[in-house]
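Below are the chains, spelled out letter by letter.
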Amino acid sequence: MDFTVYLMDTLVFMAIFAILSMSLNVEYGYTGLGNFGKVAFFLCGAYTYAIALLLGVPFYVSFVLSAVTSAILGGLMSLPALRLREDYLAIVTLAIGEVLRIFVKAEEWLTGGVWGITVPSVFANLGLSVDAVAFANVLLSWGVLIAVFLFLRYLTNTPYGRVLLSIREDDTAVQALGKNPILYKAQAFMIGSAIAGIAGALFAQYMRFIDPYMFLPMVTFTVWMMLILGGTANHYGAVVGALIVEIFNRGSRIAKDYLDLPFDPHNIQFILFGVLIILLLLYRPYGLFREKPLKTGVEAEVIKWQSSSSTK
Amino acid sequence: MIDIWQVLVNSLVTASIYLLAGIGLTLTIALSRFANFSYAELITLGAYCGLFFLATKDGNIFLAIILAFFVVGLVSVVSYSAVFKPLEERKTSLIHLMVASIALGFVLRYSIGEIWGWSVLFYQTVWTVHTIGSVRITSLWIMMILTAFIVALCLHYFLTRTKMGKAIRAIACNPALASITGINKQKVIFLVWFCGAGLAAVAGVFRAADTRLSPMMGWELILPIFATVILGGIGNFYGLIVAALIIGLVENFGVAMLLKLGLSTEYRMALVFLILIAVLIIRPKGLAR
């Protein structure tokens, strides 16, 4: 493949996975919910986008629709699941992801089953060259990434974000202060799901073809790997983790195609990832980027007040 | 037309796999209190060990099963002392323990993929088919059902009559109190990780002999096994037996029903997952008490 196209392809995938990683960060990093069914919302977003577009809905509406349906799915799922203990929550979300994939695989009339859906490209009838389409995709996905990043950075710095953080630390204390943790957890779940849905829509729009085999539980684990590597409860960590894992993915694929090795680099890559995650959890459980202390603006006031009172 | 007896036999076969693989899982969750996803790969590893020993030991399946039991048990104990024990000592959260178990699963799965390749393999052994009335049953199936039955009986005896078995139940019930009464917790945990994984390996060999081998086979089994374990109630051995039978029946009658209703048999697993979700929501304790 042409080098620039390949580079742009890498960039698009980086952006999509960084968005997924940030969405998991809202759920796990900030609110402490172990969602092992991330791929379900990715799938939901991708298929909603594809089906809506085929029904003649404009693409920007389809993007919004995929976020909305994923959020609704997240909300429905959270109703029963969030009352469970965290290990049960993990198993339930994993199982729901599989149920959804089985549904997509079985209901051919709606989703094309194992034959998948071909999605019309947004940039198809603009008369652009291959390079230009790839570049437009990079702009689109990185634009969405930056928007999501700014939104989440804003969200987690508001009083609302601090409620989420306090739920992660101690939800009984939150309840004692008159907030309903279940409600907040469900909202965090819906926000995370909506963002994952947008990532799914971007994926479908970029790939122009989706089938159930693209949405194996492996996607969920890749996102977890990115988040644990980059660092939980830190937006930079979530993005950087996604970039690093994606670079390794590409590296092993290039090594497989162009180097004559006695072993399969793809296997070795996952073995190394497994070992790396275990070592990280043992020796650096907070990942590459540590969680930052909260910036509330009150501290500055306190310091100002202290210094002014001491000079008096 | 559905042949009830054939479906019942098929259910028993499925149930014996889930029972054998579930024993270790339910006991380790009861003792260590986290869901160990790398169990899936221990099942796979058992199946591939079976393949290896069948090829080297002139196709004697009993010898292959016993050797697979010990190899996988050893791998499990090593993984516990190298990964999970240090993590537990560092007071790692439940979710991080689960992520670590998934990461360990990657290491095992892709190592298997590297050694034996990703294409589907089969055991070379041919099983004689017996026909009783309209029911078709292979000698392998008889062996599977008998093994599950004998293991269940032995385990019943072990858990209720021996000191070690009582120690396991004591730790599962109240770890602090068990330590005070002088039970060596580490020894018990090592034994459970060893024997539990060994039984999972046996289930893997049976599954591979019955169907096929692939590095993903354990992963395809792990969710129904979790469903069985949770339906039976974590750490509850008798609940597990009943749950294995229920899940086996649901899966096999489900397939028959789906065929009759003209729906895709893909939903077979979905049925099991729906039971899992329903149990967790309505009665997270499972069948216990």
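Computed from a predicted model, the values in this text were never measured in an experiment.

A.B. asks: I tried to follow the overall build of chain B on my own but got confused; where do I start?
C.D. replies: If you tally the helices and strands in chain B, you get 11 helices and 2 strands. Put simply, chain B runs from its N terminus to its C terminus through helices and strands in the order α-α-α-α-β-β-α-α-α-α-α-α-α. Taken over the C-alpha trace, chain B has a radius of gyration of 19 Å; the compact-globule value for 289 residues is 19 Å, and the two agree within 12%. Overall, chain B is about 60 × 45 × 35 Å in size when its C-alpha atoms are taken along their principal axes. Counting across all 289 residues of chain B, residues that qualify as buried make up 55%. Here the contacts in chain B between residues at least 6 apart in sequence split such that 74% fall between residues at least 24 apart.

A.B. asks: I would appreciate a short explanation of the overall build of chain A in the present structure.
C.D. replies: Regarding its fold elements, chain A presents 13 helices and 2 strands. Taken against the 2.2 N^0.38 rule, which gives 20 Å for 312 residues, the C-alpha radius of gyration of chain A at 21 Å falls within 12% of a compact globule. Expressed along its principal axes, the backbone C-alpha trace of chain A runs to roughly 70 × 45 × 40 Å. Within the span of chain A, comprising 312 residues, buried residues form 56% of the whole.

A.B. asks: What is the right way to look at the packing of helix H1 (residues 3–30) of chain A against helix H10 (residues 217–230) of chain A in this model?
C.D. replies: All names here are of chain A. Across the interface, H1 lies against H10 with an axial gap of 9 Å and an inter-helix angle of 75 degrees. By the angle between their axes, H1 is roughly perpendicular relative to H10. Within the contact between the two elements, H1 uses Phe 17, Leu 20, Ser 21, Leu 24, Asn 25 and Tyr 28 and H10 uses Val 219, Val 223, Trp 224, Met 226 and Leu 227. Its residues assigned to classes, the contact of H1 with H10 shows 9 nonpolar, 2 polar and no charged.

A.B. asks: Please clarify how the packing of aromatic side chains should be interpreted in this entry.
C.D. replies: One pair of aromatic rings is described through two measures. These are the centre distance and the angle between the planes. Under the criterion given, the structure shown has 36 aromatic pairs over all chains. Ring centres of B:Tyr80 and B:Phe190 lie 5.7 Å apart, and the angle between their planes is 90 degrees; this geometry places the pair in the edge-to-face category. Of this pair, B:Tyr80 sits in helix H3 (residues 61–89) while B:Phe190 is found in helix H8 (residues 185–210), placing the two residues 110 residues apart along the sequence. You can call B:Phe190 partly exposed: its relative accessible area is 26%. When the ring centre of A:Tyr6 is taken as reference, the NZ or CZ atom of A:Arg250 above it lies at 5.5 Å. Here the guanidinium or amino end of A:Arg290 rests over the ring plane of A:Tyr286, the centre of that ring lying 3.7 Å away.

A.B. asks: Explanation requested: the pairing of strand E1 (residues 129–132) of chain B in the structure shown.
C.D. replies: Each regular strand displays side chains that alternate between the two surfaces of the sheet. All names here are of chain B. As defined by bridge partners, E1 adjoins strand E2 (residues 135–138) across 4 bridges and the pair is classed as antiparallel. Bridge assignment links Val 129 to a residue of E2, and that residue is Thr 138. The antiparallel pairing of E1 with E2 creates a hairpin that spans 2 residues between the two strands, and Gly 133 there sits at a positive phi of about 65 degrees.

A.B. asks: Just checking my understanding: could you explain a nonpolar patch on the surface for this structure?
C.D. replies: On the surface, a nonpolar cluster with roughly 480 Å² of combined accessible area is contributed by A:Val64, A:Val68, A:Ile72, A:Leu76 and A:Leu79. Along the polypeptide, A:Leu79 turns up in helix H3 (residues 59–81).

A.B. asks: I keep staring at the confidence of the model for chain B and nothing clicks. Help me out?
C.D. replies: Atomic detail in the predicted coordinates should be set aside for any region of low pLDDT. Here chain B averages 89 in pLDDT, while 98% of its residues score no lower than 70. Confidence metrics for the complex model read pTM 0.90 and ipTM 0.88.

A.B. asks: Just checking my understanding: could you explain the nonpolar core for this structure?
C.D. replies: As a rule of thumb, nonpolar side chains are buried together in soluble globular proteins. The biggest cluster of nonpolar side chains holds 205 residues, and the ones touching the most others in it are A:Phe36 and A:Ile210. When residues of this core are assigned to their parent elements, the largest contribution, 15 residues, is made by H8(B). Discounting chain neighbours no more than four positions away, the residues touching A:Ile210 are A:Ala46, A:Tyr47, A:Ala50, A:Gly116, A:Ile117, A:Val119, A:Phe203, A:Ala204 and A:Phe215. Core analysis: the next-biggest nonpolar cluster, separate from the first, contains 6 residues, A:Leu164, A:Ile167, A:Val174 and A:Tyr184 among them.

A.B. asks: What is the right way to look at the environment of B:Gly204 in this model?
C.D. replies: All names here are of chain B. Relative to the assigned elements, Gly 204 resides in helix H8. According to the relative accessible area criterion, Gly 204 is buried, its value standing at 0%. Separated by 138 residues in the primary sequence, Gly 204 and Ile 66 have C-alpha atoms spaced 12 Å apart.

A.B. asks: In this structure, what is going on with the interface of chain A and chain B? I would like to understand it.
C.D. replies: Each side of the interface is counted separately: chain A has 45 residues, and chain B has 41 residues. Around 3,800 Å² of area is buried between chain A and chain B when both sides are counted, 79% of it from carbon and sulfur atoms. Summed over the shared surface of chain A and chain B, the result is 0 salt bridges. The tally of links from chain A across to chain B stands at 6 residue pairs in polar contact (both at pLDDT 80 or more). In terms of residue count, helix H4 (residues 86–106) of chain A provides more of the side of chain A that touches chain B than any other element does, 15 residues in total. Taken together, the residues of the side of chain A that touches chain B sort by class into 34 nonpolar, 5 polar and 6 charged.

A.B. asks: Would you mind going over helix H5 (residues 139–161) of chain B with me for this structure?
C.D. replies: All names here are of chain B. In this model, H5 (23 residues) spans 32 Å end to end at C-alpha, consistent with the 33 Å of a helix rising 1.5 Å per residue. Buried within H5 are the following residues: Leu 140, Trp 141, Met 143, Met 144, Ala 148, Val 151, Ala 152, Leu 155 and Leu 159. On its buried face, H5 sits against helix H1 (4–32), H3, E2, helix H6 (163–173), H8 and helix H10 (237–261).

A.B. asks: Help me understand unusual backbone geometry, please; the structure alone is not making it clear to me.
C.D. replies: Glycine aside, residues mostly have negative phi angles, and peptide bonds mostly take the trans form. All names here are of chain A. Its identity as a non-glycine residue notwithstanding, Arg 208 has a phi of 60 degrees, on the positive side. Relative to the helices and strands, Arg 208 is located in the loop between helix H9 (181–207) and strand E2 (209–210). You can call Arg 208 partly exposed: its relative accessible area is 42%. Positive phi, normally seen in glycine, also occurs at Ala 233, with a value near 60 degrees.

A.B. asks: How should the packing of helix H11 (residues 235–258) of chain A against helix H12 (residues 265–283) of chain A be read in this particular structure?
C.D. replies: When two helices pack together, you describe them by how their axes are tilted relative to each other and by the distance separating the axes. All names here are of chain A. Contact geometry of H11 with H12 gives a least axis separation of 8 Å together with a crossing angle of 150 degrees. When the interaxial angle is binned, H11 and H12 end up roughly antiparallel. H11 and H12 meet at a crossing whose hand is right-handed. The residues of H12 that touch H11, namely those facing Val 245, Phe 248, Asn 249, Ser 252, Ala 255 and Lys 256, are Pro 265, His 266, Gln 269 and Phe 273. Here the residues of the contact of H11 with H12 sort into 5 nonpolar, 4 polar and 1 charged.

A.B. asks: Please clarify how the pattern of salt bridges should be interpreted in this entry.
C.D. replies: Pairs may arise between side chains of opposite charge once their charged atoms sit close together. One pass over the full model with this rule turns up 12 salt bridges over all chains. The salt bridge partner of A:Asp171 is A:Lys185, with a shortest N-O separation of 3.4 Å. Taken together, the residues span a long stretch of sequence, with A:Asp171 in helix H8 (residues 171–176) and A:Lys185 in helix H9 at a distance of 14 residues. Measuring nitrogen to oxygen at the nearest pair gives 3.9 Å for the salt bridge that ties B:Glu89 to B:Lys85. In this pair, B:Glu89 and B:Lys85 are both assigned in helix H3, 4 residues apart and thus about one turn of the helix distant. Salt bridges linked by common partners bring A:Asp9, A:Glu246 and A:Arg250 together as one network.

Calculation rules
Residues numbered from 1 in each chain as written. Chains lettered and ligands numbered in written order. Predicted model: local features only at pLDDT ≥ 70, side-chain atom pairs only at ≥ 80, totals over all residues. Heavy atoms only, no water. Helix = DSSP H or I, 4+ residues; strand = E, 2+ residues; numbered from the N terminus. Rg over C-alpha atoms; globule rule 2.2 N^0.38 Å. Buried < 20%, exposed > 50% of the residue type's maximum accessible area, 1.4 Å probe, protein only. Contact = heavy atoms within 4.5 Å. Axes fitted to C-alpha atoms, helices over the stretch in contact; angles between N-to-C directions. Parallel < 35°, antiparallel > 145°, perpendicular 65-115°, else oblique. Nonpolar A, V, L, I, M, F, W, Y, C, P; charged D, E, K, R; others polar. Phe/Tyr/Trp six-rings, centres within 6.5 Å; stacked < 30°, edge-to-face > 60°. Lys NZ or Arg CZ within 6 Å of the ring centre and 35° of its normal. Pairing = 2+ DSSP bridges. Patch = residues over 30% accessible without salt bridge, like charges linked within 9 Å, V, L, I, M, F, W, Y side chains within 5 Å. Areas by Shrake-Rupley, 256 points an atom, 1.4 Å probe, with all protein chains shown as cover. Salt bridge = Lys/Arg side-chain N within 4 Å of Asp/Glu carboxyl O. pLDDT = per-residue confidence, 0-100. Core = buried A, V, L, I, M, F, W, Y, C linked by side-chain atoms within 4.5 Å. Buried area = accessible area lost by both parts, 1.4 Å probe. Polar contact = N/O pair within 3.5 Å; in protein donor to acceptor, adjacent residues only side chain to side chain. Expected span 1.5 Å × (residues − 1). Left-handed = near helix turned anticlockwise from the far one by under 90°.

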